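Read off the chains here:
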Amino acid sequence: MRTLILLGGLALAALMLAPPVLGASFFRSVADAEARKECGACHMPYPPALMPARSWEKIIGALPNHFGEDASLPEPTRLKILAYMTGNAGDAPKGNAWFMTRVKKADTPARITEMPFWRAIHGGFSPASFKRRGVKKPGNCLGCHG
Ligand code: HEC
Ligand code: HEC
C-alpha cells in the first residue's frame, strides 16, 4: 500500500515536472469563431483546455457580472460558446489531463491563474514580470507566450 502511494506521488511529481511545451499556436487555438470573437473582445480568447468544464459553466453562467464587467451575450450565442468551451474543457474526453493536475473535485477555479498547474509554474515569478509592458496581467498568456 505504502509503495503504491509512493509511486502515485512520484507519478504526480513527474507530471508536474514535465509539462508539455506549448507553442504560441496552442495559445491561439480557440477553433470556434464566436468564442474567439466574443471572448476575445477584452482579452485574449482562452483555449478551453485550460480549465475544467465546471469552471467554464460558472464563468459563462455569470457573464453580466464578469470580473466587474458586463460581458453578457444573446442567449443563443452564449449557449453555443458554452457548448464549445465545456466540450473541449481540460476534463472533457479529448481534454488535457496535465492542466487538470491537482484540481480538487470540490473546487471550481474561477481563473486560469488560480489553477494549480499555472501556480506551480508561474507562482515564483516576480510581480514585476507580470506588470511589464506588453504583459500587464498574469492572465495575458500571449504577452509572454506569443
Ligand atoms: C467586456 C469585456 C470582457 C469580455 C467580453 C470577456 N471578458 Fe473575460 N475578463 C474580463 C476582465 C476585465 C477580466 C479580469 C482581468 C484581470 O483582472 O486579470 C477577465 C478575466 C477572464 C478570465 C480569467 C483570466 C485569468 O486571470 O486567469 C477568464 C477565464 C475569462 N475572462 C473568460 C472569458 C470568456 C470565456 C469570455 C467569453 C464568454 C470572456 N471572458 C469575455 C473582461 C471580459
Ligand atoms: C510573465 C510572463 C508569463 C505569463 C503572463 C504567462 N506565462 Fe506561462 N510561462 C512563462 C515562462 C517564463 C514559462 C517557462 C517556465 C519554466 O520553464 O520554468 C512558462 C511556462 C508555461 C507552461 C509550461 C509549458 C511551456 O509551454 O513552457 C504553461 C502550460 C504555461 N506557461 C501556461 C500559461 C498560461 C495558460 C498563461 C495565461 C493564463 C501563462 N502561462 C501566462 C511566462 C509566462
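Above this text sits the structure in question.
What you see is a predicted model; the values in this text were computed from it and never measured.

Colleague: What am I meant to see in the overall build of the protein here?
Modeller: Scanning the protein for helices and strands turns up 8 helices and 0 strands. Helices and strands in the protein line up, N terminus first, as α-α-α-α-α-α-α-α. Counting only residues that meet the buried cut, the protein has 18% of its 146 residues in that class. Put simply, of all contacts in the protein between residues at least 6 apart along the chain, 64% involve residues at least 24 apart.

Colleague: Teacher, can you tell me more about the site of ligand 1 here?
Modeller: Residues in close proximity to ligand 1 total 20 residues, the closest being Cys39, Cys42, Phe67, Arg111 and Gly139. Tallied by class, residues from the shell around ligand 1 come to 12 nonpolar, 4 polar and 4 charged.

Colleague: Looking at this structure, I do not really get the environment of Val135. What am I missing?
Modeller: You can see Val135 is positioned in the loop between helix H7 (127-131) and helix H8 (141-145). A sequence separation of 10 residues divides Val135 from His145, and the C-alpha atoms of the two residues are 9.9 Å apart. The contacts of Val135, once residues within four sequence positions are left out, are Phe130, Asn140, Gly143 and Cys144.

Colleague: Help me out: how do you make sense of the packing of helix H4 (residues 53-60) against helix H5 (residues 75-87) in this one?
Modeller: Packed helices, taken two at a time, are described by their axes: the angle between them and the distance between them. Two elements in contact, H4 and H5, have axes separated by 9 Å at closest approach and are oriented at 160°. Relative to H5, the element H4 lies roughly antiparallel. Relative to H5, the crossing made by H4 is right-handed. Residue-level contacts link Ala53, Trp56, Glu57 and Ile60 of H4 to Arg78, Ile81, Leu82, Met85 and Thr86 of H5. Partitioning the contact of H4 with H5 into residue classes produces 6 nonpolar, 1 polar and 2 charged.

Colleague: Quick question: what am I supposed to make of H5 here?
Modeller: Count 3.6 residues to each turn of an α-helix, and residues three or four apart come out pointing the same way. Counted at 1.5 Å a residue, the expected span for H5 with its 13 residues is 18 Å, and the 18 Å between its end C-alpha atoms agrees. The complete set of buried residues in H5 reads Ile81, Tyr84 and Met85. Seen along its axis, H5 keeps its buried residues to an arc of 95°; they face one direction. Opposite the buried face of H5, at more than 90 degrees from it, the exposed residues are Glu75, Pro76 and Leu79. The inward-facing, buried residues of H5 contact helix H3 (33-38) and H4.

Colleague: Whenever I open this one, unusual backbone geometry confuses me. Can you help?
Modeller: For residues besides glycine, phi is generally negative; the peptide bonds are generally trans as well. In the Ramachandran plot, Phe67 falls in the positive-phi region, its phi being about 50° despite a non-glycine side chain. The class of Phe67 is exposed, set by 12 C-beta atoms lying within 10 Å. Despite not being glycine, Arg102 shows a phi value in the positive range, around 65°. Take Arg102: there are 13 C-beta atoms within 10 Å of it, and that puts it in the partly exposed class.

Procedures and definitions
Residues numbered from 1 in each chain as written. Chains lettered and ligands numbered in written order. Predicted model: local features only at pLDDT ≥ 70, side-chain atom pairs only at ≥ 80, totals over all residues. Helix = DSSP H or I, 4+ residues; strand = E, 2+ residues; numbered from the N terminus. Buried ≥ 20, exposed ≤ 12 C-beta atoms within 10 Å, placed from the backbone. Contact = placed C-beta atoms within 7 Å. Near = placed C-beta within 6 Å. Nonpolar A, V, L, I, M, F, W, Y, C, P; charged D, E, K, R; others polar. Axes fitted to C-alpha atoms, helices over the stretch in contact; angles between N-to-C directions. Parallel < 35°, antiparallel > 145°, perpendicular 65-115°, else oblique. Left-handed = near helix turned anticlockwise from the far one by under 90°. Expected span 1.5 Å × (residues − 1). Arc of directions from axis to C-beta.

Function cannot be read off these values alone, since they describe shape.
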